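# Descriptive structure summary
What follows is each chain in one-letter form.
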Amino acid sequence: MKKYLTHQTALLFTCSMLLVACGRSGGNDGNSANKPNAIPIGIAFAQTSNVALLGQEGTDGVKIAEKYFNNKGGINGRPIKLVYQDTSGDEVGAINAFQTLISKDKVVGIIGPTLSQQAFSADPVAERNQVPVIGASNTAKGIPEIGDYVARVSSSVAVVAPYSVKAALKQNPKIKRVAVFYAQNDAFNKSETEIFQKTVKNLGLDLVTVQKFQTTDTDFQAQASDAINLKPDLVIISGLAVDGGNLVKQLRELGYKGIIVGGNGFNTSHIFSVCRALCDGVIVAQAYSPVYPSEINIAFRKAYLEQYHREPPQVSAQAFAALQVYVEALQSLDKKSNINNLKLPQLRTELNKELLTKNYQTPLGEIAFTPTGDVIQKEFYVAQLKMEPNGINGKFSFLSIK
């Protein structure tokens, strides 16, 4: 059994940019999930606030998954229907979205919320109501332990982050001196920097300085200058897309020429528009590769490219995988119990049990779950930001980490 947590700890990486309204509609047709109509699955992503761009990436992923699995027959002939509620960028928004999805929209399960810090507040709502929830972008320590009905397909930052530091050492084995920067007002980045700092020490490197900043900062001259004066060979940044990108830009402008490693907040193409040409060379660990050679990833990537005309980002792939888990668990459960005969509370409970027992071939690769609901993932990647000559467009170029 999982232990219920009431504290708030870490916050998932976010991309902090302009307000974007996704234009998604909430609610459903009011029918219960145990009638032979579409099966409602709740999507609790940010559609407004400075988190909306990250929420949009999640929404893009589940929309492709909805079409993909319904075209294949849905749940043994019964379609799924996504029901959207806006979590905005704070805990109150996530709680309200969960409450609406559970009580009004009568969903069988929820994907979300966007941020880890929101999950520490909203997931207990699902736990109390015995509604399964799968985090598609929650990587903070302690998420699965919130309760028996909480799982995630997003691997813990403790697993993913060290890969990027090791990739930097592979590029430059002479790295010895390391400067670390992190956003002190962001719970996830405070958690992530602890992992980075521990990795640095475990690898026998010298941590020469730890510089703090705020996600709202735009001027990093003082911190960057202090760090550069200590002659680091490697800089590691735990921040969001805008503040992190601006810090990269100012480090380069002040003359830093060494390798830069970015945290999970850099895992979005939105960073290209912040540091532009100066993004080039930044290293980021990832839990997804668009070129992973599986049938379902090839189909996902093709659909994403056709729809959005760019490579699918990590969060979109994770959101697709989260919906896939629900679909395949429902299909399996229906063959055992005929879900049309289950009342909604029973369906939610049986679905929660079923989804933890299976292996899934997803765009992320093969995944499964621990008994506590944490994802078991085999494949991880490291990418390097490569900017085009125009200094505007870029891509994530994957490195060999074998």
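Structure shown above.
Residues numbered from 1 in each chain as written. Predicted model: local features only at pLDDT ≥ 70, side-chain atom pairs only at ≥ 80, totals over all residues. Heavy atoms only, no water.

### Quick word on the overall build of the chain
Here is the rule we go by: Each helix is a run of DSSP H or I of at least 4 residues and each strand a run of E of at least 2, with the numbering of both proceeding from the N terminus. Radius of gyration means the value over C-alpha atoms here, while the globule rule gives 2.2 Å times the residue count to the 0.38 power. Buried, partly exposed and exposed residues are distinguished by accessible area as a fraction of the type maximum, computed with a 1.4 Å probe on protein chains only: under 20%, between the cut-offs, and over 50%, respectively. Throughout, a contact is declared for two residues whenever any of their heavy atoms are within 4.5 Å. Per-residue and other accessible areas were derived by the Shrake-Rupley procedure at a 1.4 Å probe size, with only the shown protein chains allowed to occlude residues. His residues and chain termini do not enter the charge count, which takes Lys and Arg as positive and Asp and Glu as negative. The atoms used to mark charge sites are NZ of Lys, CZ of Arg, CG of Asp and CD of Glu.
Within the chain, the regular secondary structure consists of 11 helices and 15 strands. A compact globule built from 402 residues should have a C-alpha radius of gyration of about 21 Å, and the chain, at 21 Å, falls within 12% of that. Judged by the C-alpha coordinates and their principal axes, the chain covers about 70 × 40 × 35 Å. Counting across all 402 residues of the chain, residues that qualify as buried make up 59%. Of all intrachain contacts in the chain linking residues separated by at least 6 positions in sequence, the fraction that spans at least 24 positions is 72%. In the structure as shown, the chain presents an accessible area of about 15600 Å², 50% of it carried by carbon and sulfur atoms. Looking at the chain, you have 41 positive and 34 negative side-chain charges, and the mean spots of the two groups are 3 Å apart.

### Observations concerning empty space enclosed by the protein
The criterion, for reference: Buriedness of a pocket was judged along seven lines, with at least five required to meet protein on both sides within 12 Å; pockets are open sets of points on a 1 Å grid over the protein atoms alone, cavities are sets where a 1.4 Å probe fits but cannot get out, and lining residues have an atom within 4 Å of a point. Grid points are joined across faces, edges and corners, and a volume is the space filled by probe spheres set on the points. In this classification, the charged set is Asp, Glu, Lys and Arg, the nonpolar set is Ala, Val, Leu, Ile, Met, Phe, Trp, Tyr, Cys and Pro, and all remaining amino acids, among them Gly, are polar.
Overall, the coordinates contain two cavities of 30 Å³ or more when judged by the stated rule. Of the pockets and cavities examined, the largest cavity occupies roughly 110 Å³. Forming the walls of the largest cavity are 17 residues, and the residues nearest its centre are V160, A161, E192, N264 and A285. Listed by contribution, the elements that provide at least two residues to the lining of the largest cavity are α4 (157–171), α5 (187–202), β10 (283–286) and α10 (314–337). By residue number, the principal contributor to the lining of the largest cavity is α4, which donates four residues. Broken down by class, the residue content of the lining of the largest cavity amounts to seven nonpolar, nine polar and one charged.

### Considerations on the nonpolar core
To be explicit about the condition: Residue types Ala, Val, Leu, Ile, Met, Phe, Trp, Tyr and Cys, when buried and joined through side-chain atoms within 4.5 Å, form a set referred to as a nonpolar core.
Ranked by internal contacts, the top residues of the largest apolar core, which has 46 residues, are I111 and L355. Where this core is concerned, the elements lending two or more residues are β1 (39–45), α1 (52–71), β2 (80–86), α9 (295–308), α10, α11 (344–355) and β12 (365–369). Looking at this core element by element, the count peaks at 12 residues for α10. Grouped together as the second largest cluster of nonpolar side chains are 44 residues, A94, I110, A140 and V200 included.

### Considering the packing of aromatic side chains
Rule in force here: Classification of ring pairs rests on two measures: the distance between centres of Phe, Tyr or Trp rings, Trp counted by its six-membered ring, which must be within 6.5 Å, and the angle between planes, read as stacked under 30 degrees, edge-to-face over 60 and tilted in between.
In the structure shown here, the tally under the stated rule is 12 aromatic pairs. With a centroid separation of 6.0 Å and 55° between ring planes, the pair formed by F300 and Y304 is classed as tilted. Of this pair, F300 and Y304 both sit in helix α9, four residues apart, which is roughly one turn of the helix. Summarising the burial analysis for this pair, F300 and Y304 share the class buried. One aromatic cluster is present, formed by Y68, F69, Y288, F300, Y304, Y308 and F320 through successive ring pairs.

Geometry only, nothing functional implied.
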